[in-house]
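Structural features, examined
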Amino acid sequence: MKRIYCRITTENNGHMTQASPPSNDVQALPSGDSLQVEKIFRAGQLIMRQGEPGDCAYFIQEGRVQISVKLADGSLVNVAQRGAGSVIGEMAIVDGGPRSATITAIEDCQLLEITQADFSKAVSNANPIVGLVARLILMRYRDLLHRSATLRDFDGDSSVLERQEHEHAQQSRVLDAVRMTNEFRVAIAGNQLFLEYQPFIEISSGRVVGFEALMRWHHPVQGRMRPDLFIPLAEDTGQIVEATRWAFHEACHALKNMVDASGNDQLFMSINFSAHDFDEPDFLEHLLQIVDHAGVRPDQIHIEITERLLLRQAQHVRAALLQCREAGMDISIDDFGTGYSSLSYLHQYPVSTLKIDKSFINNMTRDDSALGLVRTILSLSDNLGLSVIAEGVETEEQVSMLRTLRCQVAQGFLYAKPLGLDRALELVAPKGGGSCAKL
Ligand code: C2E
Ligand code: CA
Ligand code: CA
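Residues numbered from 1 in each chain as written. Chains lettered and ligands numbered in written order. Predicted model: local features only at pLDDT ≥ 70, side-chain atom pairs only at ≥ 80, totals over all residues.

Attention now goes to the overall build of the protein. Across its full length, the protein carries 16 helices and 18 strands. Here the analysis covers contacts within the protein between residues at least 6 apart in sequence; of these, 72% occur between residues at least 24 apart. (Helix = DSSP H or I, 4+ residues; strand = E, 2+ residues; numbered from the N terminus. Contact = placed C-beta atoms within 7 Å.)

Counting buried positions along strand β15 (residues 330-336) yields seven of seven residues, so the element is predominantly enclosed. Judged from the five bridges that link them, strand β14 (residues 301-306) and β15 form a sheet pairing that is parallel. By the bridge assignment for β15, Ile305 is matched with Ile333. (Buried ≥ 20, exposed ≤ 12 C-beta atoms within 10 Å, placed from the backbone. Pairing = 2+ DSSP bridges.)

A few words on the site of ligand 1. The environment of ligand 1 is made up of 21 residues, and the closest members are Met215, Pro227, Asn272, Gly412 and Phe413. Of all elements in the fold, only β11 (208-219), α7 (227-237), α8 (240-262) and β15 reach the threshold of two or more residues within the shell around ligand 1. The residue makeup of the shell around ligand 1, split by class, is nine nonpolar, six polar and six charged. (Near = placed C-beta within 6 Å. Nonpolar A, V, L, I, M, F, W, Y, C, P; charged D, E, K, R; others polar.)

This paragraph deals with the nonpolar core. Ranked by size, the top nonpolar core spans 71 residues in total, and within it Ala251, Leu255, Met269, Ile356 and Ala410 carry the most contacts. Among the elements that make up this core, the one with the highest residue count is α8 (11 residues). In this view, Ala251 contacts Leu195, Ala213, Met269 and Ile271; residues no more than four positions away in its chain are not counted. Counting 22 residues, the second-largest nonpolar core is a separate cluster that includes Val65, Ala101, Ile103 and Ala105. (Core = buried A, V, L, I, M, F, W, Y, C linked by C-beta atoms within 7 Å.)

Let us look at the sheet that holds strand β6 (residues 76-82). Reading across the sheet, the four strands line up as β3-β8-β5-β6 and stay open at both edges, with antiparallel pairing between neighbours. Among the strands making up the open sheet, the edge pair consists of β3 (46-48) and β6. With direction set aside, neighbouring strand axes in the sheet form an average angle of 30 degrees. Where β3 meets strand β8 (residues 102-105), two bridges bridge the pair, whose relative direction is antiparallel. Its bridge partner being in β8, Leu46 is matched across the sheet by Thr104. (Axes fitted to C-alpha atoms, helices over the stretch in contact; angles between N-to-C directions.)

Moving on, we get to helix α16 (residues 421-428). Of the residues making up α16, those classed as buried are Ala424, Leu427 and Val428. For α16, the angular spread of the buried residues around the axis is 85 degrees, confining them to a single face. Each element contacted by the buried residues of α16 is listed here: β10 (193-202), β11 and α8. (Arc of directions from axis to C-beta.)

Attention shifts here to unusual backbone geometry. One non-glycine residue, Asp335, lies in the positive phi region at around 55 degrees. With respect to the helices and strands, the residue Asp335 is situated in strand β15. On the basis of neighbour count, Asp335 is assigned to the buried category, with 20 C-beta atoms found within 10 Å. If you check the backbone angles, Arg406 has positive phi at about 60 degrees while not being a glycine.

Here we come to the packing of α8 against helix α9 (residues 283-294). Relative to each other, α8 and α9 sit at 25 degrees, their axes nearing to 9 Å. Overall, the two elements α8 and α9 adopt an arrangement that is roughly parallel. Crossing geometry of α8 relative to α9 is assigned as right-handed. For the pair α8 and α9, the contacting residues are Arg245, Phe248, His249, Cys252, His253, Leu255 and Lys256 in the first and His286, Leu287, Ile290, Val291 and Ala294 in the second. Of the residues in the contact of α8 with α9, the class split is seven nonpolar, three polar and two charged. (Parallel < 35°, antiparallel > 145°, perpendicular 65-115°, else oblique. Left-handed = near helix turned anticlockwise from the far one by under 90°.)

Moving on to the pairing of strand β13 (residues 268-272). The element β13 is largely enclosed, with a buried count of five among its five residues. Side chains Phe268, Ser270 and Asn272 project from β13 onto one buried face, and the interleaved Met269 and Ile271 project onto a second face that is buried too. Judged from the four bridges that link them, β11 and β13 form a sheet pairing that is parallel. Note on β13: the bridge partner recorded for Glu212 is Ser270. As a crossover connection, the stretch from β13 through α9 into β14 is right-handed. (Right-handed = clockwise from strand over helix to strand, strands pointing away.)

Below is the structure:
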């Protein structure tokens, strides 16, 4: 198996290289073979030098460091020490400025890297006020450092601040987030992601009409990870864009296999999109290239977005969705009914399918208001000329109710759980009957 989880040590043939930038010490890794997650610095080694450009911060997992600042008169003062749980080198990645201090390992250190690229993505995805305030505080702090003539040698008591930083980091679970961000980058590059396909069923015939692609992560240590654990973080850090591109490519090629195996070129593939997927300037061009390359048609592709995403979104999302629609793709609203009261966006956006959220399907057989909502969504769709898919169908009773309400397409564990590609191909192959009756 390809090794993709590794540590980088700055040791060179067993000898420590002192006081030289770490980038010189780190052995170049065979490209495509390994991706870095952690770095080891030996006691006495330089971690970063004041004035030099910095493209990462570090989370100290183990060990202790000395932070020193060179003053205008050239003298070097020790301003603080930090240990496990602290972040160092954060200033350069917030504002892209030079390192404001020199940091040296006092003990052997194990550091977890936070790259500037990841940090910038996270800031640009955050509320703009967060980014603005972080930069502002930093500018003022740099200014203060610059003008301060009162810096004194470290007297051994930065412990209160260090403890506060440590507690804050623990409470915010930032370490888990940093670790998972690094690991997810490795996952995308290192074949740890895969897709499962859950069929959509025509209720009247039991025939498979299409599939939804659902992302899975096989973590090298933790095993299979649930998407609701890693997708929100990938969305926050902006990594979702790369993951969606990967998923879109994979799903289009899977669809081609399904069409070939079944002889049914009306099968469609539904792919989940997140808000930041629409930020890329070459968004549509890239999708169309993949569709074309896979040998499927745009009208076989459904772009799934949640109702909540649509309600929060800006003009450029609407423009991107319009372009997708004009190119022939279908726009599906996922988790429909869980958003807010205004339905006006159904006119503003080029929506073609509503997927009724599974909570309503689950409750409709015992709760009149859920049933009322399902009925309303179906008649609304009828009036607007939209298709409807009932999500999360688990019982025969739900199916017969949906049949009475004239809902045509369903998806849920009653028919099939998300399947690996092989099982999905078996399902649509003529000998599988192209139907879910057997599952
Ligand atoms: P979703 O898009 O609403 O997907 C449906 C989820 O409901 C899936 O969970 C599916 O396994 C589950 N499900 C399907 N039928 C039933 C049923 O009858 N009963 C119950 N209880 N559950 C059912 P999964 O695969 O764990 O995905 C969870 C969520 O993660 C998805 O919800 C979606 O929001 C997100 N997700 C998954 N893959 C992707 C992806 O490729 N991109 C993005 N952006 N989000 C994804
Ligand atoms: Ca979905
Ligand atoms: Ca859903």
